[in-house]
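# Structure at a glance
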Amino acid sequence: MDIATLIGLIGAMGLIAGAIFMGGGVGGFIDMPSVLIVIGGTFAVTFVMFPLKTVLSSFKVAMKTFLGSSPDPKQNISQLVSLAETARKESLVALEKVSLDDPFMARGVLLVADGTDETLVRSIMESEIQSMIKRHRTGQNVFKGMGTFSPAFGMIGTLIGLVRMLQNLDDPSSIGPAMAVALLTTFYGAVLANVFFLPMANKLAERSQEEAHYMEITTEGVLSILNGEHPNILKEKLASYLAPNQRESS
Amino acid sequence: MDIATLIGLIGAMGLIAGAIFMGGGVGGFIDMPSVLIVIGGTFAVTFVMFPLKTVLSSFKVAMKTFLGSSPDPKQNISQLVSLAETARKESLVALEKVSLDDPFMARGVLLVADGTDETLVRSIMESEIQSMIKRHRTGQNVFKGMGTFSPAFGMIGTLIGLVRMLQNLDDPSSIGPAMAVALLTTFYGAVLANVFFLPMANKLAERSQEEAHYMEITTEGVLSILNGEHPNILKEKLASYLAPNQRESS
Amino acid sequence: MDIATLIGLIGAMGLIAGAIFMGGGVGGFIDMPSVLIVIGGTFAVTFVMFPLKTVLSSFKVAMKTFLGSSPDPKQNISQLVSLAETARKESLVALEKVSLDDPFMARGVLLVADGTDETLVRSIMESEIQSMIKRHRTGQNVFKGMGTFSPAFGMIGTLIGLVRMLQNLDDPSSIGPAMAVALLTTFYGAVLANVFFLPMANKLAERSQEEAHYMEITTEGVLSILNGEHPNILKEKLASYLAPNQRESS
Amino acid sequence: MDIATLIGLIGAMGLIAGAIFMGGGVGGFIDMPSVLIVIGGTFAVTFVMFPLKTVLSSFKVAMKTFLGSSPDPKQNISQLVSLAETARKESLVALEKVSLDDPFMARGVLLVADGTDETLVRSIMESEIQSMIKRHRTGQNVFKGMGTFSPAFGMIGTLIGLVRMLQNLDDPSSIGPAMAVALLTTFYGAVLANVFFLPMANKLAERSQEEAHYMEITTEGVLSILNGEHPNILKEKLASYLAPNQRESS
Amino acid sequence: MDIATLIGLIGAMGLIAGAIFMGGGVGGFIDMPSVLIVIGGTFAVTFVMFPLKTVLSSFKVAMKTFLGSSPDPKQNISQLVSLAETARKESLVALEKVSLDDPFMARGVLLVADGTDETLVRSIMESEIQSMIKRHRTGQNVFKGMGTFSPAFGMIGTLIGLVRMLQNLDDPSSIGPAMAVALLTTFYGAVLANVFFLPMANKLAERSQEEAHYMEITTEGVLSILNGEHPNILKEKLASYLAPNQRESS
């Protein structure tokens with residue numbers, strides 16, 4: 001599991017809960033109808049925004065992303081270099097027998113071992129990267145959408161509360177608590193958007209970029225192997241994808 | 001009909017109606033002049049924003065989109081593979097006799113059967129995709145525009161109510177109800193924008209993307225058939241347009 | 001004149017006027033100094049934002065756009081097809097004698113009749129489209145700018161009114177009317193931006209796109225004529241620029 | 001000096017000053033600490049945002065832009081046509097002796113006279129346009145940044161005033177004036193951003209575009225001369241950069 | 001260290017502190033729980049937004065950027081010209097012995113000295129520029145994210161304070177101070193975002209652009225050397241990357 005996400009969520013919720021407790025108890029901050037309208041409304045609108053299949057698949061994408069670990073481009077490069085060495089020493093066909101963990105690299109290498117044309121290999125691998133980016137972007141969009149509409153439902157809830165309160169100003173002692181309840185939906189909307197949906201949408205984008213970066217390195221490497229380039233040139237080429245401090249001294 | 005849209009709309013409106021009922025009756029939340037200025041104003045401004053023809057056609061596009069079902073890229077691919085097999089076994093001309101449901105695929109296949117030049121086929125199919133995207137984008141823009149201007153008219157209505165209330169502060173007992181009415185237009189504007197117009201604009205965009213994706217697969221497939229590529233290569237190529245879990249095991 | 005713009009403006013202003021009248025007279029909503037600071041300030045800032053020539057020319061562009069009628073791409077295509085037939089039956093030179101209403105098409109056809117090189121014809125026609133888009137975009141920017149700065153001047157006016165009111169809280173009976181007047185500039189700014197400037201900027205953009213679309217069809221058609229393509233191919237090619245329901249059954 | 005900028009600034013400030021005077025004197029609207037925190041804070045943050053050199057050079061760019069006059073593309077074209085005629089009648093080398101006011105055109109013509117390769121001339125002229133655009137964009141960014149942060153400092157000032165006022169609610173008669181002062185920073189921030197910084201950033205962008213347009217015409221013209229194209233073709237080509245009503249009847 | 005950043009930060013904080021002191025002491029503006037929720041919440045959310053490694057590395061990038069000095073493109077060009085002269089007089093291989101401070105230029109020159117192919121040199125150098133830009137953009141995004149979420153946590157804090165205050169309206173004398181404390185988190189959020197995070201994100205972007213500009217000049221120069229172009233042509237070419245007033249008179 002992505003430990004930073006967990007720490008961040010627990011930290012942020014802990015601070016908010018702490019601030020509430022310190023002021024004298026959490027009771028006044030829990031109001032079931034307010035919870036319902038903000039969370040329920042946000043989810044309802046998500047189904048208006050996206051096809052059913054997209055909402056479900058985007059939760060799966062999100063799950064996989066938060067539970068999976070970041071790919072390591074450095075290890076990726078050394079694996080590609082060793083493949084290039086195998087191809088040099090033996091032959092492209094010999095790559096067929098190498099077993100690889102990463103299905104994307106495996107697919108590319110298999111295409112090369114099968115003697116597929118360079119243009120076709122590049123077009124297959126690049127359109128796979130594009131497909132992955134598109135799938136991930138949909139996931140981000142679902143989360144971003146929820147981050148946009150949860151404050152909107154917070155405001156709708158507050159407006160309902162305010163209108164009702166203004167219609168019943170006869171009992172002055174009820175004004176304060178009524179307004180407090182009205183503000184709760186705004187509070188819920190703000191917390192949902194700013195602690196959960198928007199930051200998570202951002203992490204999905206970051207992860208997607210990492211994965212695309214990783215897959216671009218793999219594509220570059222596989223094509224270099226197909227062209228029979230020297231493992232050292234391959235290494236030199238791929239090194240420029242890394243930050244200087246990540247590069248091996250060679 | 002797109003079931004998610006329906007569920008979402010009913011869910012969101014139900015939650016809002018529930019919140020209003022629970023607070024003691026829906027009466028105070030209905031004010032015809034307020035309804036008129038927000039809905040009427042939003043539609044009036046839509047006619048200033050777009051040519052008459054565009055507004056009407058965009059409602060048609062929206063209808064078709066909400067009522068139509070999502071295309072299925074997987075079935076699309078298997079159909080293209082079977083066309084490729086026919087072309088291989090018989091000839092490109094034989095494709096003329098195949099009857100196809102999808103008019104876009106039918107048009108592409110007919111061009112191929114007629115022996116049209118590859119560049120021309122690609123340019124015709126791609127400019128058709130672009131035309132479709134443009135038409136859909138106009139539809140989205142109409143909905144987005146309504147989602148922008150309905151809160152604006154909500155605010156204009158509230159400002160009118162506030163100015164009038166501030167000019168008549170003599171009777172303190174009327175201040176509350178007057179402000180409640182003034183806030184109603186803001187409430188209507190927020191509901192219209194956040195439950196209807198903006199989420200629907202988003203669904204139109206999602207659908208448009210699905211359709212473009214589907215048409216790109218079709219274009220790629222038709223061109224592959226024209227070039228006489230082997231059905232297996234076609235399958236391999238098009239598979240990269242799908243999410244890994246959508247791909248057939250082969 | 002563009003009838004939708006007129007209907008929209010009258011409708012929106014009528015609804016606002018109706019809401020004001022219903023509340024007891026329009027008197028309290030007219031305040032000359034407030035009108036002056038919002039309208040005057042918006043125009044003054046427009047001169048800071050744009051060169052003098054640009055402001056003037058953009059009003060002319062806007063006028064022409066609102067008064068002119070939408071071009072009809074379907075008629076455009078049939079005219080191009082008939083030109084292609086003339087060129088086939090007689091010769092490219094024969095096109096010189098055809099009289100055309102649309103100056104852009106006339107210019108393109110004249111270049112073709114003069115035997116100008118394809119690359120040059122394309123570059124001249126495309127840079128003319130780009131120039132038209134640029135001119136129109138400037139017009140849109142002027143309107144968008146006014147739509148951004150009129151609410152800003154509304155807020156500046158309201159701030160002036162609030163500061164003055166807060167400095168004179170001695171007479172409680174004057175507080176309400178003073179705040180009402182202070183809010184008027186915000187109201188004017190909101191109406192100007194949301195009924196006039198922003199929707200009009202959008203219509204200019206729509207019109208510009210229509211015209212660019214029309215000119216692209218013309219360019220494609222003229223180049224097709226220059227290349228001596230068969231009128232049927234020309235028809236097929238240009239048809240993909242239209243929505244399916246706009247296409248002639250052939 | 002750019003007369004529209006001057007008129008606009010004087011007009012906007014005059015209207016604001018008028019609105020203040022009409023309400024009974026300018027005294028209550030001047031508060032030195034408030035001026036200091038808004039103007040001082042905005043400038044301080046500008047130094048955090050940009051390298052020192054950039055801030056200084058961007059003020060110079062702005063000065064030059066506001067004081068300089070708009071280039072005239074029509075005169076530019078006629079000058080290029082006359083250069084093309086000279087080149088035709090005499091030779092490319094003869095251009096070396098022509099003296100030109102515009103340093104950019106002079107540089108291009110000199111390169112042509114020196115017999116420089118077309119690709120090199122184009123790359124030098126285009127990268128000079130890009131450099132100019134970049135320099136100007138930095139200037140715009142400085143002004144835009146100031147337009148973003150002056151309202152922010154206005155809000156920070158108002159928050160300080162509000163917090164202090166709320167801590168001293170004992171004397172009711174001081175509440176009004178204290179809030180009035182607190183609002184002044186918001187007022188200053190709004191005026192600075194909406195009358196000065198943001199509109200000026202926009203004018204810089206407009207001017208930059210005019211200059212780029214002018215330089216593109218020059219580049220196109222110089223390359224046409226280098227290729228020995230007929231002055232009439234050059235005229236025809238460059239005419240499409242102008243609005244139809246700017247073109248000479250020929 | 002970047003002196004402008006330091007001056008700006010001290011200036012802005014000094015002005016804010018001054019405004020607070022002048023109003024009667026800093027005591028009422030410091031509230032530890034408020035500090036905790038805004039700063040703690042912002043950092044917690046940053047960990048939800050970005051992978052752990054990214055947050056840490058972005059602080060390092062930021063440090064290096066604020067402490068490092070701007071590169072000097074003029075000196076860069078003269079160094080490239082002198083390398084070009086060496087290459088002309090001696091040979092490309094002779095460049096191997098030149099010792100260079102800038103690791104990016106050194107890498108490029110070494111590739112040239114090794115007789116690497118032009119396309120490969122360009123692709124290695126350009127992908128290194130892209131990598132650098134990506135790394136810096138991540139750094140900016142972390143700061144921008146903090147600048148977006150610190151006001152959000154300010155608002156969340158204020159909402160908690162308001163709700164609690166509204167639930168305890170019995171003691172009127174406590175209302176003012178309670179609201180003052182509630183507003184403090186908004187104040188902290190505004191200062192953090194507008195004095196620190198957002199302006200710093202902007203400076204990182206500016207620095208990144210400067211460095212990319214510098215590296216583009218270097219790439220252009222190295223490739224020109226590889227192609228054996230005359231040092232004067234190299235000078236002429238690179239001069240167009242500079243502002244006219246930065247160019248040497250030659």
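Every value quoted in this text rests on a predicted model; they were computed, and no experiment measured them. (Residues numbered from 1 in each chain as written. Chains lettered and ligands numbered in written order. Predicted model: local features only at pLDDT ≥ 70, side-chain atom pairs only at ≥ 80, totals over all residues. Heavy atoms only, no water.)

As a further point, take the domain arrangement of chain A. The accessible area lost on association of the parts is a frequent measure of interface size. Residues and elements named next belong to chain A. Per the domain assignment, the segments making up chain A are domain 1 (1-30) and domain 2 (32-73 + 119-249). Taken over C-alpha atoms, the centre of domain 1 sits 21 Å from the centre of domain 2. With 12 residues of domain 1 at the contact, the number on the domain 2 side is 12 residues. Between domain 1 and domain 2, a total of about 1,000 Å² is buried, with carbon and sulfur atoms accounting for 71% of that surface. Our enumeration of links across domain 1 and domain 2 arrives at zero salt bridges. Counting the contacts that link domain 1 with domain 2 gives two residue pairs in polar contact (both at pLDDT 80 or more). In terms of residue class, the side of domain 1 that touches domain 2 is built from nine nonpolar, two polar and one charged. (Domains from an automatic or database assignment. Contact = heavy atoms within 4.5 Å. Buried area = accessible area lost by both parts, 1.4 Å probe. Salt bridge = Lys/Arg side-chain N within 4 Å of Asp/Glu carboxyl O. Polar contact = N/O pair within 3.5 Å; in protein donor to acceptor, adjacent residues only side chain to side chain. Nonpolar A, V, L, I, M, F, W, Y, C, P; charged D, E, K, R; others polar.)

So, about the interface of chain C and chain B. Of the residues lining the interface, 47 residues belong to chain C; the matching set on chain B comes to 37 residues. Where chain C packs against chain B, one counts two salt bridges. Between Glu236 of chain C and Arg107 of chain B there is a salt bridge whose closest N-O contact spans 3.2 Å. Summed over the shared surface of chain C and chain B, the result is eight residue pairs in polar contact (both at pLDDT 80 or more). Looking at the side of chain C that touches chain B, the elements with two or more residues in it are helix 1 (3-22), helix 7 (172-226) and helix 8 (231-239) of chain C. Of all the elements, helix 7 of chain C adds the most residues to the side of chain C that touches chain B, at 22 residues. (Helix = DSSP H or I, 4+ residues; strand = E, 2+ residues; numbered from the N terminus.)

Attention now moves to the confidence of the model for chain A. Residue and element names in this part refer to chain A. Across chain A, the average pLDDT comes to 87, with 96% of residues at 70 or higher. By mean pLDDT, the top-scoring element of chain A is helix 2 (residues 32-49) (93), and the lowest-scoring one is helix 3 (residues 52-67) (82). Reported confidences for the modelled complex are a pTM of 0.88 and an ipTM of 0.85. (pLDDT = per-residue confidence, 0-100.)

Counting residues in hydrophobic clusters, the biggest one holds 204 residues, and the most contacted among them are Phe187 of chain A, Phe187 of chain B, Phe187 of chain C, Phe187 of chain D together with Phe187 of chain E. Discounting chain neighbours no more than four positions away, the residues touching Phe187 of chain B are Ile156, Leu159 and Ile160 of chain A together with Ile16, Ile20 and Phe29 of chain B. (Core = buried A, V, L, I, M, F, W, Y, C linked by side-chain atoms within 4.5 Å. Buried < 20%, exposed > 50% of the residue type's maximum accessible area, 1.4 Å probe, protein only.)

A separate point is the pattern of salt bridges. As a working rule, side chains carrying opposite charge can pair if their charged atoms are close by. Evaluated as defined, the whole model comprises 30 salt bridges over all chains. Taking the shortest distance from any N to any O, the salt bridge between Lys134 of chain D and Glu216 of chain E comes out at 4.0 Å. Residue Lys134 of chain D is located in helix 6 (residues 118-167), and its partner Glu216 of chain E is located in helix 7 (residues 172-226); the two belong to separate chains. What makes Lys134 of chain D partly exposed here is its relative accessible area of 38%.

It takes a turn of 72° to lay chain C on chain D, together with a shift of 0.0 Å along the axis; the resulting RMSD is 0.0 Å. Seen this way, the second copy is the image of the first under a five-fold rotation axis. Using C-alpha coordinates, one finds that chain C approaches the rotation axis most closely at Pro172 of chain C, a distance of 11 Å. (Least-squares fit on C-alpha atoms with pLDDT ≥ 70 in both.)

The next point concerns the UniProt feature "transmembrane region" (unreviewed entry) in chain A. Residues and elements named next belong to chain A. In the numbering adopted here, UniProt assigns the feature "transmembrane region" (unreviewed entry) to residues 7-30, 36-56, 142-163 and 175-198. End-to-end, the C-alpha atoms of residues 7-30 are 24 Å apart, and along that stretch the chain is 67% helix and 0% strand. The distance separating the terminal C-alpha atoms of residues 142-163 is 31 Å; by composition the span is 100% helix and 0% strand. (UniProt positions renumbered as here; feature names shortened; annotations may be inferred.)

Okay, the packing of aromatic side chains next. Applying the stated criterion across every chain yields a total of 15 aromatic pairs over all chains. Taking 6.0 Å as the distance between ring centres and 70° as the angle between the ring planes, the aromatic pair formed by Phe59 of chain B and Phe143 of chain B counts as edge-to-face. Here Phe59 of chain B, found in helix 3 (residues 52-67), pairs with Phe143 of chain B, found in helix 6 (residues 118-167); they are 84 residues apart in sequence, far enough to count as distant. A relative accessible area of 29% means that Phe59 of chain B is categorised as partly exposed. Judged by its relative accessible area of 6%, Phe143 of chain B falls in the buried class. In this structure an aromatic cluster arises from ring pairing among Phe29, Phe187 and Tyr188 of chain A. (Phe/Tyr/Trp six-rings, centres within 6.5 Å; stacked < 30°, edge-to-face > 60°.)

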